[in-house]
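Spelled out from the first residue to the last, the chains are:
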Amino acid sequence: MFLPRFPQVHIRIRSATARVVSQLVSQDEVDIGFVPGPERKPDLQFQGLFGYEKVLITPKGHPLLRDPLTSIEQLAEWPLILMRPGTHTRTMLEGEFMRRNRSYEVVIELDSMDMIKQYVALGLGISVGPRLAIEPQDREEIGVRSLKTLLPVEQAGILTLRRKRQPVVIHQFISVLKETLAKSPTN
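None of these values were measured; they are calculated from a predicted model. (Residues numbered from 1 in each chain as written. Predicted model: local features only at pLDDT ≥ 70, side-chain atom pairs only at ≥ 80, totals over all residues. Heavy atoms only, no water.)

Asks: Even after reading the chapter, I still don't get the sheet that holds strand β6 (residues 127-130), so can you show me in this structure?
Replies: As summarised here, the arrangement of the three strands in space is β6-β3-β7, forming an open sheet in which the pairing is antiparallel. Single-partner strands in this sheet number two, and they are β6 and β7 (142-146). On average, adjacent strands in this sheet sit at an angle of 35° to one another, irrespective of strand direction. Relative to β7, strand β3 (residues 54-59) runs antiparallel, the two being bridged by five bridges. Across the sheet, residue leucine 56 finds its bridge partner in β7, namely arginine 145. (Pairing = 2+ DSSP bridges. Helix = DSSP H or I, 4+ residues; strand = E, 2+ residues; numbered from the N terminus. Axes fitted to C-alpha atoms, helices over the stretch in contact; angles between N-to-C directions.)

Asks: Explain the packing of aromatic side chains here, please?
Replies: Geometrically, a pair of aromatic rings is defined through the distance of the ring centres and the angle of the planes. Summed over all chains, the structure comprises two aromatic pairs. Seen from their ring centres, phenylalanine 97 and tyrosine 104 are 5.0 Å apart, and the 35° between their planes marks the pair as tilted. The class of tyrosine 104 is partly exposed, set by a relative accessible area of 26%. (Phe/Tyr/Trp six-rings, centres within 6.5 Å; stacked < 30°, edge-to-face > 60°. Buried < 20%, exposed > 50% of the residue type's maximum accessible area, 1.4 Å probe, protein only.)

Asks: So what exactly am I meant to see when it comes to the environment of valine 128 here?
Replies: Looking at the element boundaries, valine 128 is found in strand β6. Among the residues examined, valine 128 registers a relative accessible area of 5% and is labelled buried. With 38 residues separating them in the primary sequence, valine 128 and arginine 90 have C-alpha atoms 8.1 Å apart. Excluding anything up to four places from it in sequence, valine 128 contacts Lys54, Val55, Leu75, Leu82, Thr89, Leu93, Leu147 and Leu151. (Contact = heavy atoms within 4.5 Å.)

Asks: Looking at this structure, I do not really get the layout of surface pockets. What am I missing?
Replies: One simple way to see leftover space: roll a probe sized like a water molecule over the atoms. Estimated volume of the largest pocket: approximately 1,500 Å³. Arg14, Ser15, Val21, Phe34 and Val35 are the residues nearest the centre of the largest pocket, which is lined by 47 residues in total. With five residues, helix α5 (residues 168-183) is the largest single contributor of residues to the lining of the largest pocket. Grouping the amino acids of the lining of the largest pocket by side-chain chemistry returns 31 nonpolar, nine polar and seven charged. (1 Å grid on protein atoms, 1.4 Å probe; cavity = no way out; pocket = protein on both sides within 12 Å on 5 of 7 lines; lining within 4 Å. Points joined across faces, edges and corners; volume = space filled by probe spheres on them. Nonpolar A, V, L, I, M, F, W, Y, C, P; charged D, E, K, R; others polar.)

Asks: Sorry if this is basic, but what is going on with the pairing of strand β5 (residues 106-110) here?
Replies: Regular strands place side chains that alternate from one sheet face to the opposite one. Pairing of strand β4 (residues 80-83) with β5, which is carried by four bridges, proceeds in the parallel orientation. The residue of β5 that forms the bridge with leucine 82 is glutamate 109. Since β4 and β5 lie parallel, the crossover through helix α3 (residues 88-99) that links them has a hand, and here it is right-handed. (Right-handed = clockwise from strand over helix to strand, strands pointing away.)

Asks: I'm lost on the environment of tyrosine 104 in this one. Help?
Replies: Within the fold, tyrosine 104 resides in the loop between α3 and β5. Between the alpha carbons of tyrosine 104 and glutamine 47 there is a distance of 34 Å; along the sequence they are 57 residues apart. With near-sequence residues (within four places) excluded, tyrosine 104 lies in contact with Ala76, Leu80, Glu94, Phe97 and Met98.

Asks: It is not clear to me how helix α1 (residues 18-26) should be interpreted in this structure. Could you clarify?
Replies: Three or four residues apart is the spacing at which side chains of an α-helix point the same way, because the helix has 3.6 residues per turn. Listed in full, the buried residues belonging to α1 are Ala18, Val21, Ser22, Leu24, Val25 and Ser26. Buried residues along α1 sit in contact with β1 (33-35), β2 (44-52) and β8 (154-161). Just beyond α1, the residue with positive phi is aspartate 28, at close to 60°.

Taken by themselves, the reported measurements are silent on function.
This is how it looks when you write it as structure tokens:
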């Protein structure tokens, strides 16, 4: 990828679970990693970029849009459409169900929030995802409801190797990223 502001820098972007990203940074295979929440490892340094909340994603007119949401267990009553196993939100949601000894059914597993929204719109189940994955036009096809009273608001950020001296260009890139995100209307 070419960035006009940094013509001498080559950027390659890979998608992976937070656990894999953490491993890549720890093993010095990548300079920086973007993760959906703080990583608590002694060899890694986490810099928060922005907070984000989780939302319930349902078909339009779904009962969970109008009924009071008092417990995460209410979501387990419906077929779930989730990201693949090992992803941050899925791990957190399944952990909450298991902690409460609550059974649940994942009917579809996908690698894309856009595909999840399409299957939810078709009425095949409900989902949980980050609010930042919801576009204004999505609300024409799906229902969205905040889960910030039931699930923690998370801090997405950058992981770097603590013992590694990063090149100046990496620090500049992170600064530009922070500036850009600070100006973003969704944050």
